Amino acid sequence: MSLYTEYLTEIETRKKQALHPKPIEDGALVKEIIAQIKDADNAHRADSLKFFIYNTLPGTTSAAGEKAAFLKDIILGDVVVNEITPTFAFELLSHMKGGPSVEVLLDLALGDDLDIAKQAADVLKTQVFLYEADTDRLKAAYDAGNAVATDILNSYAAAEFFTKLPDIEEEIKVVTYIAGEGDISTDLLSPGNQAHSRSDRELHGKCMITPEAQVEIQELQKQHPDARVMLIAEKGTMGVGSSRMSGVNNVALWTGKPTSPYIPFVNNAPVVAGTNGISPIFLTTVGVTGGIGIDLKNWVKKLDSDGNPILNNDDNPILEQKYSVETGTILTINTKEKKLYNDAGDQELVDMSSSFTPQKVEFMKAGGSYAIVFGKKLQSFASETLGLELKSAYAPSKEIHHEGQGLTAVEKIFNANAVGVTPGTVLHAGSDARVKVNIVGSQDTTGLMTSQELEAMAATVLSPTVDGAYQSGCHTASVWDFKAQENTPKLMKFMHNFGLITARDPKGVYHSMTDVIHKVLNDITVDDWAIIIGGDSHTRMSKGVAFGADSGTVALALATGEATMPIPESVKVTFKGKMADHMDFRDVVHATQLQMLKQFGDNVFQGRIIEVHLGTLLADQAFTFTDWTAEMKAKASICISEDDTLIESLEIAKHRIQIMIEKGMENDANMLQGLIDIADKRIAEIKSGAKPALTADDNAKYFAEVVVNLDEINEPMIADPDVSNADVSKRYTHDTIRPISYYKAEKKVDLGFVGSCMVHKGDVKIVAQMLRNLEKAQGEVTFKAPLVVAAPTYNIIDELKEEGDWSVLQKYSGFEFDDSAPKNTARTEYENILYLERPGCNLCMGNQEKAAKGDTVLATSTRLFKGRVVEDADGKTGESLLASTPVVVLSAILGRTPTVEEYITAVEGIDLTKFAPPLEKPAGTLSAHF
């Protein structure tokens, strides 16, 4: 059977799902299609032409290579295709976005036929995705006196690829569509349980919100053909939880504009909005597509005569509506005035200056942020090659400096890694910054999209300026089903070839590592001055400053070694008082959120950096805090460590990286050894005093300062989705933090989960120690609810085996993972036993394993969004409550939430956390967690 015949069979299968033919990325299939186009009598010629023109993926795919070569033959007259004239062939090349197409255009532009060369040059002048191999050819031709090359370089020096683009419309009509009330998780736009289909954009688009919502959006488009549908989070924030490029892709697919008539199912320019704006990392993703993100501010707090918020019976502010955005409302965006108006245009509703900064307008004009990043580099290259002064065509980067004001920790990191800044310039928060990225992480459910983005921007190799890059396998670890078997090896091969350390060896030499990506990135971050970009919202390391990002921003960081963003404001978090012995550090994390909300009323963390002074906590446990900052809606977190603590954390990281080397995970560039060398250098700097651990200046300025009183934390805390709150907008947020006494030992628990990136070795040791305690007190331990335990990494399991804890867990387990025969179907029913699952995300991700529908789950996870860990059942709402490891374990044993007394008895003798404010030295900094 030919590849084309197989493709036709696949097309028939997709028709049954109401899907169009899948875009072609396989060069071998394109070869067959080209052969059929050349054969004038071929029965499949007409369809082959359509597939070739409209359904072949661009960039560096093998399909793009075959397409570009065939178009070159047409232009040179070696092949005649009546339907594809040389002029049309040039147009098709112009839409192929780099890689083979640029190579062909350069061949033609630098060739002997002057007429063809000029036509190729005109197309090249519109292209921005050029790499060193391309620019080196141009420079060599220019140095040799080639007039066409000189003409192209002059165009690049003037950035005509950008300046000749049409400006954005002055007025944009939008029609509103309320996607939901309250915070909208990206899970609504791109559910985690559909992660397997993300790289198939049309198929994945079917999962956005609901089929009913999709029909409603289409009806709005029919009724208002001159307006763009604006997706809204009413009384909430749009896009919380993760960056989720697939979420923006879905919104763009349903409401945006086609990027090119020759690139299927790739749309851009979506319009999204929220009463409280857009989540920071999601807003970055919107910028990737040249979209518009709007802070509506259409509901405000009702104030009394003294200007204080009026509270309801739950002590929440009462909101009143400033203007309506109910579904079907027509509004007008004036991009010149940067304001939102009513349909008539005579009533200003909200200022939109933050939506139309000069940089965001450039993204919109260019169709996305990538073109701006590459355009700036290309203009700089051309100016330098021609010996011309660079006259940037782009809005100048905002540089903010306050004389006499010190730097926060994040400001120091940004200044240290800044690229293209005038020497001696010191930048404060609000400045636009282009920075070097040290560590990049790609995870497996977004990795296929990252690989597609890399192909689309014609990137073939990791930037040499990146110190460490890792491709994980943790999000698809729990079930090795057909979808994982199909997607994961393909992803690992691509990323291995690109230059990353990969969790799975494409050659099958080393054991597959399903370790949680955040734990690996936390280990390979070996410099507290590093900048980390990762394809997940929980990319929040306890060393350096880490930003969760969409798959495209990850691709950009891998390809260029850079990222561009404004320097965020910081909020300082310090601690006072003494931590009770029976408390877990997770309770400190929850209490921080609770006390912050009580102190300020509003979430001062949202969109800002949390600079947390943990001082004496080693990297693993400090990560518990930085990891949770994603749920606090913070943009990132900086952890301030004392010198000795940082050195010890770096030594632990070195040891774990060495284990990766010993397992055979090193690559040809000796990346892992390079990371150990960086750690050694950093340790030497700290010990010598040449460069102590990162701290902020005493006179740094913060947006706010939060002081957490440890004395007030006297019982475990639970983050509750509050699924029955009368105010729908208050449900499924991470802001409802309650003490366990609130539940009066009456809250039934159907399943407990200890796992995800929020736990580490100490948490699994706590499970074993609690079982020992309860066995000693009761003679045996029985579970009244299932307890699922997923260690974050294989290293942890190895260490637990050596220390005797794993055997305790095995004694009580009714299921233990087997890597030689991994599960190929997800569990749907649970017994009241202990399950020892494969390292990885497990229930937290929600794309493979889930709790039974309607269950009440108590988890150490980070996700309590509707439908993520547990879906609703008929007549019973699923709940995912979040707590510390000891609370989860005890609740699974009891089948309910415990009393404070039961909890204290169960943890007696277990050294849960040694933590004290940095100025108050604890007796020792080690605990069960280490």
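Data block above holds the structure.
Residues numbered from 1 in each chain as written. Predicted model: local features only at pLDDT ≥ 70, side-chain atom pairs only at ≥ 80, totals over all residues. Heavy atoms only, no water.

What follows deals with the overall build of the protein chain. When helices and strands are counted, the protein chain shows 31 helices and 32 strands. Counting only C-alpha atoms and orienting by the principal axes, one finds that the protein chain spans roughly 90 × 70 × 65 Å. Residue burial in the protein chain is summarised as follows: out of 930 residues, 60% are buried. Within the protein chain, contacts between residues at least 6 apart in sequence are counted, and of these 73% link residues at least 24 apart. Accessible area for the protein chain stands at about 35,100 Å²; split by element, carbon and sulfur atoms hold 50% of it. Charge separation in the protein chain, taken as the distance between the mean sites of 90 positive and 130 negative side-chain charges, equals 1 Å. (Helix = DSSP H or I, 4+ residues; strand = E, 2+ residues; numbered from the N terminus. Buried < 20%, exposed > 50% of the residue type's maximum accessible area, 1.4 Å probe, protein only. Contact = heavy atoms within 4.5 Å. Areas by Shrake-Rupley, 256 points an atom, 1.4 Å probe, with all protein chains shown as cover. Lys, Arg positive; Asp, Glu negative; His and termini not counted. Charge placed at Lys NZ, Arg CZ, Asp CG, Glu CD.)

Quick look at the sheet that holds strand S24 (residues 704-709) now. Read across the sheet, 4 strands follow the order S23-S22-S21-S24 without closing on themselves; strand pairing throughout is parallel. The two strands at the open ends of the sheet, each matched to only one other strand, are strand S23 (636-641) and S24. Strand-to-strand twist of the sheet, defined as the mean angle between neighbouring strand axes without regard to direction, takes the value 25°. Bridge analysis of strand S22 (residues 609-615) against S23 gives 6 bridges, and the strand direction is parallel. Following the sheet pairing, Val612 is matched in S23 by Cys639. Relative to the sheet, helix H18 (residues 409-417) contacts strand S21 (570-576), S22 and S23, its axis offset from that of S23 by approximately 100°. (Pairing = 2+ DSSP bridges. Axes fitted to C-alpha atoms, helices over the stretch in contact; angles between N-to-C directions.)

Here we come to the sheet that holds strand S11 (residues 330-334). Spatial ordering of the open sheet is given by S8-S7-S3-S1-S11-S12-S13, a layout of 7 strands whose pairing is mixed. Lying at the two open borders of the sheet, with one neighbouring strand each, are strand S8 (292-295) and strand S13 (348-351). Strand after strand, the sheet turns through a mean of 30° between neighbouring axes, direction not considered. Pairing of strand S1 (residues 171-181) with strand S3 (residues 228-234) involves 7 bridges; the strand directions are parallel. What sits directly across from Thr176, in S3, is Met230. Sheet strands in contact with helix H13 (residues 211-223) are S1 and S3, and its direction is about 160° off that of S1.

A few words now on the environment of Leu427. Structurally, Leu427 is set in the loop between H18 and strand S14 (432-436). Leu427 gets classed as buried once you look at its relative accessible area, which sits at 1%. In sequence terms Leu427 and Asp481 are 54 residues apart; their C-alpha atoms lie 49 Å from each other. If sequence neighbours within four positions are ignored, Leu427 has contacts with Glu399, Ile400, Leu407, Glu411, Asn415, Val421, Asp432 and Ile567.

Before going further, it helps to spend a moment on the side chain of Lys823. Mapping Lys823 onto the fold places it in the loop between strand S29 (813-816) and strand S30 (834-837). Engagement of the side chain of Lys823 in a polar contact is seen with the side chain of Glu837, the distance being 3.2 Å. In terms of polar contacts, Lys823 uses its side chain to reach the side chain of Glu849, at 2.2 Å. Not counting residues up to four positions away in its chain, the partners in contact with Lys823 are Ser478, Val479, Trp480, Asp481, Phe815, Glu837 and Glu849. (Polar contact = N/O pair within 3.5 Å; in protein donor to acceptor, adjacent residues only side chain to side chain.)

We now examine the nonpolar core. Counting residues in hydrophobic clusters, the biggest one holds 191 residues, and the most contacted among them are Phe52, Ile84, Tyr470, Leu771 and Leu787. Here this core gets 9 residues from one element, more than from any other, and that element is helix H17 (residues 369-386). Discounting chain neighbours no more than four positions away, the residues touching Ile84 are Leu49, Phe52, Ile53, Leu71, Ile74, Ala89 and Leu92. Counting residues in hydrophobic clusters, the runner-up holds 49 residues, among them Met579, Ala790, Tyr830 and Cys844. (Core = buried A, V, L, I, M, F, W, Y, C linked by side-chain atoms within 4.5 Å.)

So, about the packing of aromatic side chains. What describes a pair of aromatic rings is the distance from one ring centre to the other and the angle between the planes of the rings. This structure, assessed with the given rule, holds 16 aromatic pairs. Ring centres 5.5 Å apart and planes at 70° place the aromatic pair Tyr131 and Phe374 in the edge-to-face group. Of the two residues, Tyr131 sits in the loop between helix H7 (114-124) and helix H8 (132-143) while Phe374 sits in helix H17, which places them 243 residues apart along the sequence. With relative accessibility at 3%, the residue Phe374 sits in the buried group. Plain terms: the ring middles of Tyr742 and Tyr743 are 5.1 Å apart, the flat faces sit at 80° to each other, and that makes the pair edge-to-face. For Tyr742, a relative accessible area of 47% translates into the label partly exposed. Judged by relative accessible area, Tyr743 falls into the buried class, the value being 7%. Put simply, the rings of Tyr4, Tyr7 and Phe51 pair up and form one aromatic cluster. When the ring centre of Phe52 is taken as origin, the NZ or CZ atom of Lys67, which lies over that ring, is 5.5 Å away. Just above the ring of Phe162 sits the side chain of Lys365; from NZ or CZ to the centre is 4.5 Å. (Phe/Tyr/Trp six-rings, centres within 6.5 Å; stacked < 30°, edge-to-face > 60°. Lys NZ or Arg CZ within 6 Å of the ring centre and 35° of its normal.)

Attention shifts here to the pattern of salt bridges. Per the counting criterion, the structure on display carries 55 salt bridges. Between Lys72 and Asp107 there is a salt bridge whose closest N-O contact spans 3.1 Å. Here Asp107 lies in helix H6 (residues 100-109) and Lys72 lies in helix H4 (residues 62-76), a separation of 35 residues in the sequence. In this structure Lys72 comes out as partly exposed when scored by relative accessible area, which is 23%. Under the relative-accessibility criterion, Asp107 is labelled partly exposed at 28%. Across the pair Asp523 and Arg656 runs a salt bridge, and its minimum N-O distance is 3.1 Å. Taken together, the positions of Asp523 in helix H21 (residues 517-524) and Arg656 in helix H25 (residues 643-662) put the pair 133 residues apart, joining distant regions of the chain. Connected via shared salt-bridge partners are Lys761, Lys765, Arg772, Glu799, Glu803 and Asp805. (Salt bridge = Lys/Arg side-chain N within 4 Å of Asp/Glu carboxyl O.)

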